[in-house]
Amino acid sequence: MKIFSGIQPTGEIHIGNYLGAIKHWVKLQETQECIFSIVDLHSLTTPYNPEILQKKILELTIAHLAVGINPEKSIFFVQSRVKEHTELCWLLNTVCPVGDLSRMTQYKEKTKQFKKNINAGLLNYPVLQAADILLYKTEIVPIGEDQKQHIELTRTIAKKFNTKFGETFKIPEPQLPKIGAKIMALNDPTKKMSKSMPESCLFLFDEPDKIKKRIMSAITDTDKTIKYDIKNKPGISNLLTIYHLFSNKPIQEIEKEFEGKGYGDFKKELVELLTESLKPFREKRKELLNQEALIQKILNNGAKKAKIVAQATMEDVRKKMGLI
Ligand code: TYM
């Protein structure tokens, strides 16, 4: 199967990114043809600092290598270094209705969040995402829940293109984890954990004291029992989900273990579990810091490999659209 997924270089990786997406990429690369991208062009649609963008890309690359993305097994590259993404984005714009774009949840949220910078890129964001995916004849897109709508639009665009210009693109399927597709904010369990709200996050490379601070102060519910109940107890349910995903223990077993105990006891155990589970990532990341030459080599190779696939698709697309 051909797999593609991407991540924006807008901040550090949090455990939501990891549990919802990256953890599954690491597994998929063992058996499937995987392509993963740092989507820097997408990140330009919200306020950013050009002077530190390259540094963020470097850090995000190191983060992915530290958690197990293996450039020998998957293609790992930076989106803007493969120009075909922008060309295909433009061409797909001509088959994508504006109405579909203005209905996207993420567009609506971002226009509220960045009222002073509602740029056209924000509206066309999902078309570039469709280009990312379709360029590689992708079949499966492993993502968290917030990206599902964008994949549905990608499918619509691909079908429209195929009907108008002839069979060209595969119709990709989204792949979401059964548990962990939407990790909630630690400071407000009714909202998703998000890079744009650092106080909502536990970052993957947070040091033990930070893990302790974040988990011990995580918002829980008024009733004191440790029971999974998303509707009435979103706070403890979110923490139970995290506990389950890092310990591999069934949620019911965890509930049993903490029967008669309070939130404080549970949180203490969770701090310990997270501190231990994330330790190898922290250590690997430290090893990789200051190895810029190696990182750039990995990214150059990744872009080279991605280009070969992208160029072949674009030749076909240009022909189909009457451009050559
Ligand atoms: P981004 O950078 O916001 O997030 C990267 C991945 O992390 C998942 N995710 C979560 N999963 C569970 N719980 C959460 N709280 C949580 N927050 C984020 C996201 O669903 C995503 O899978 N538009 C994309 C990047 C993109 C892309 C693509 C993805 C560009 N082109 C093509 C797939 C295919 C984005 O902003 O992801």
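Our structure is the block above this text.
Conventions used here
- Residues numbered from 1 in each chain as written.
- Predicted model: local features only at pLDDT ≥ 70, side-chain atom pairs only at ≥ 80, totals over all residues.
- Heavy atoms only, no water.
- Helix = DSSP H or I, 4+ residues; strand = E, 2+ residues; numbered from the N terminus.
- Rg over C-alpha atoms; globule rule 2.2 N^0.38 Å.
- Buried < 20%, exposed > 50% of the residue type's maximum accessible area, 1.4 Å probe, protein only.
- Contact = heavy atoms within 4.5 Å.
- Areas by Shrake-Rupley, 256 points an atom, 1.4 Å probe, with all protein chains shown as cover.
- 1 Å grid on protein atoms, 1.4 Å probe; cavity = no way out; pocket = protein on both sides within 12 Å on 5 of 7 lines; lining within 4 Å.
- Points joined across faces, edges and corners; volume = space filled by probe spheres on them.
- Near = heavy atom within 4 Å.
- Polar contact = N/O pair within 3.5 Å; in protein donor to acceptor, adjacent residues only side chain to side chain.
- Nonpolar A, V, L, I, M, F, W, Y, C, P; charged D, E, K, R; others polar.
- Axes fitted to C-alpha atoms, helices over the stretch in contact; angles between N-to-C directions.
- Parallel < 35°, antiparallel > 145°, perpendicular 65-115°, else oblique.

Engineer: Would you mind going over the overall build of the chain with me for this structure?
Structural biologist: A tally of helices and strands in the chain yields 13 helices and five strands. The C-alpha radius of gyration computed for the chain amounts to 21 Å, which stays within 12% of the reference 20 Å derived for 324 residues, consistent with globular compactness. When burial is assessed residue by residue, the chain has 50% of its 324 residues classed as buried. Restricting the contact set of the chain to residue pairs at least 6 apart, pairs at least 24 apart contribute 75%. Counting every atom, the chain has about 15800 Å² of accessible surface; 53% of that belongs to carbon and sulfur.

Engineer: Can you help me understand unusual backbone geometry in this one?
Structural biologist: In terms of backbone geometry, most residues other than glycine have negative phi values and most peptide bonds are trans. Of note, the phi angle at Lys137 is positive, near 50°, even though the residue is not glycine. Summarising the element assignment, Lys137 is placed in the loop between α7 (120–134) and β4 (140–142). Of note, Asn248 is a non-glycine position whose phi angle comes to about 65°, a positive value. Structurally, Asn248 can be placed in the loop between α10 (234–247) and α11 (251–257). Residue classification places Asn248 among the exposed residues on the basis of a relative accessible area of 66%.

Engineer: It is not clear to me how empty space enclosed by the protein should be interpreted in this structure. Could you clarify?
Structural biologist: The rolling of a water-molecule-sized probe over the atoms marks out the regions of remaining empty space. Applying the stated rule across the entire model yields one cavity of 30 Å³ or more. Considered as a void within the structure, the largest cavity measures approximately 30 Å³ in volume. If you trace the largest cavity, you find it lined by Gln106, Tyr107, Lys110, Leu122, Tyr125, Pro126 and His150. Looking at the lining of the largest cavity, the elements with two or more residues in it are α6 (105–113) and α7.

Engineer: So what exactly am I meant to see when it comes to the site of the ligand here?
Structural biologist: In the vicinity of the ligand, 27 residues are found, and the nearest of them are Gln8, Tyr125, Asp132, Asp146 and Ile183. Between Ile183 and the ligand, the recorded distance is 2.8 Å, taken from a backbone N or O atom to a nitrogen atom. Compared with its free state, where it exposes 720 Å², the ligand has 96% of that area covered by protein. Listing elements by their share of the shell around the ligand, those giving two or more residues are β1 (2–7), α1 (15–28) and α7. Its residues placed into classes, the shell around the ligand shows 11 nonpolar, 12 polar and four charged.

Engineer: Explanation requested: the packing of α7 against helix α8 (residues 148–165) in the structure shown.
Structural biologist: For any two helices packed against each other, one specifies the crossing angle of their axes together with the interaxial distance. The N-to-C vectors of α7 and α8 enclose an angle of 70°; their axes lie 9 Å apart at closest approach. Relative to α8, α7 is oriented roughly perpendicular. Together, Tyr125, Pro126, Gln129, Ala130, Ile133 and Leu134 of α7 and His150, Ile151, Leu153, Thr154, Ile157 and Ala158 of α8 make up the contact between the two elements. Considering only residue class, the contact of α7 with α8 consists of nine nonpolar, three polar and no charged.

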